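A closer look at the structure
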Amino acid sequence: SWSEVAYADGHLYARSMAHLARIHPGGEQAASSAATTAMTTAFGRFLAEAEASANKTAVVDAFLSRQDSFPIVEDTGVVHFVYRGEAEDVGIVGDMVGFRREDPMTRLDGTDLFYYTTQLEPDAAVTYGFIVDFDEPVPDPNNPREGKGLFGEVSWLSMPAWQKPDFLDEAEASRQGRLESLEWESEAREGQKRTAEVYLPVGYDADADLRYPVVYVHDGKEALESGHMKNALDHLIGTSVAPLIAVFVIPDEEDPRKDLNDMESYSEMVVNELVPAVDARFLTIDDPMARGVAGAGRGANIALYLAFKHPELFRRVGGQSATMGVEELEEELARGAGDQPLVIYLDWGTYHLRSPHEAWDLAVENRKLWTELREAGYRPAGGEVPEGYGWACWNGHTEKLLASLFPLID
């Protein structure tokens, strides 16, 4: 509750950002939605069998031993998250639950088994973790798939129809590009020393007359380390993506979030310092249609901001899970695609950053932005996917983003 709980006429009154609730203290507790949903499934039949058994532990042991993987996914799309261990209370966090929210898991009476049931799309992908006795979120001990992201070092769940990008499974490509460091002292950032890692494709040195388009990737350290984008470029260039140069802008080590929080001075640095330095040193095409910007999360905000504020430099933009609304681009959107043509890729997850208790949802903001773009005459590629927030989800669409902005044309 966002205020003191009030009492009047035999009822409690509590409010959130979005709702006012009247609670009757003497009422019977309703069964949790997890428990209700679970009872209609094969997992529910197991619960009923255990409840009726004189040896519940043996039934639980036998059931869990028959499972090939965790969480338990039924062919209807119902998912059962299970935790087993000594605990007074177990909760769950995850993309499917929402930010700043923890849902309780239900204990099977008389056992140390806790479960939480929900339903996801056949091609959904989310991160999740367990909170044991009100401690910090921890990974699912029965799930070896790591899901580093919004909730910390937790676990990863992809539904059966979710497709993992090939470059994440494949070893290093036989033909690899290389990274070169570019350093400069930024006047826009008051003499701060800055670095960009510049990806040069295979064959870059073979022909000094050949020029390449460029994509500037913001929050570049995370894109390289968590997004595996060098490996992606090595595999995708020449297959579905045109040969290009990629500039990964490395955040300031002392304050990594400053770039993402101060778009105006950061944009000044990119426009007046970085782009001229890249064009002077590397074999680039000096044309806005051959220059793009891309990013994920707050990096998507910067990419969108740069493309719409500086179309004289950037005419291609790719954003994943942007965290800003339409208002920041309202003036530029009003010009429309006729006056300001752009090639746009935009995707976001159904389970984007959102807080059900506080009544905000950034998936809703992305849907609004998508609608405004189309009404302004743009035809963005991408769209909404049933996934969460973080590189575990974003890197599944790296190929779509790059191929939309710089397609390989025979």
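Structure shown above.
Procedures and definitions
- Residues numbered from 1 in each chain as written.
- Predicted model: local features only at pLDDT ≥ 70, side-chain atom pairs only at ≥ 80, totals over all residues.
- Heavy atoms only, no water.
- Pairing = 2+ DSSP bridges.
- Helix = DSSP H or I, 4+ residues; strand = E, 2+ residues; numbered from the N terminus.
- Axes fitted to C-alpha atoms, helices over the stretch in contact; angles between N-to-C directions.
- Contact = heavy atoms within 4.5 Å.
- Phe/Tyr/Trp six-rings, centres within 6.5 Å; stacked < 30°, edge-to-face > 60°.
- Buried < 20%, exposed > 50% of the residue type's maximum accessible area, 1.4 Å probe, protein only.

For the rest of this paragraph, the subject is the sheet that holds strand β16 (residues 291–296). Read from one edge to the other, the open sheet built from 8 strands follows the order β12-β13-β15-β14-β16-β17-β18-β21, with strand pairing classed as mixed. Only two strands of the sheet have a single neighbouring strand rather than two, namely β12 (178–186) and β21 (381–385). The average angle at which neighbouring strand axes cross in this sheet is 15°, direction not considered. Bridge count for strand β14 (residues 214–217) against β16 is 4 bridges, and the pairing is parallel. Looking at β16, one finds that Val-217 is bridged to Ala-294. On the sheet, helix α8 (residues 263–281) packs against β12, β13 (192–200), β14, β15 (245–250) and β16 and is oriented at approximately 130° with respect to β12. The sheet strands contacting helix α11 (residues 362–375) are β18 (343–349) and β21, and the helix crosses β18 at an angle near 155°.

With that out of the way, let us pick up the packing of aromatic side chains. By the definition in use, this model includes 16 aromatic pairs. Measuring from ring centre to ring centre gives 5.3 Å for Trp-156 and Trp-162, while their planes differ by 75°; the resulting arrangement is edge-to-face. Of the two residues examined, Trp-156 and Trp-162, each falls in the buried class. An angle of 80° between the planes, with centres 5.9 Å apart, marks the rings of Phe-308 and Tyr-378 as edge-to-face. You can see Phe-308 sitting in helix α9 (residues 298–309) and its partner Tyr-378 sitting in the loop between α11 and β21, a full 70 residues away along the chain.

Turning our attention to the environment of Val-343. Along the chain, the position of Val-343 falls in strand β18. The spatial distance from the C-alpha of Val-343 to the C-alpha of Phe-406 is 9.5 Å, given a sequence separation of 63 residues. Setting aside residues no more than four positions away along its own chain, Val-343 makes contact with Met-289, Arg-315, Arg-316, Val-317, Ser-404 and Leu-405.

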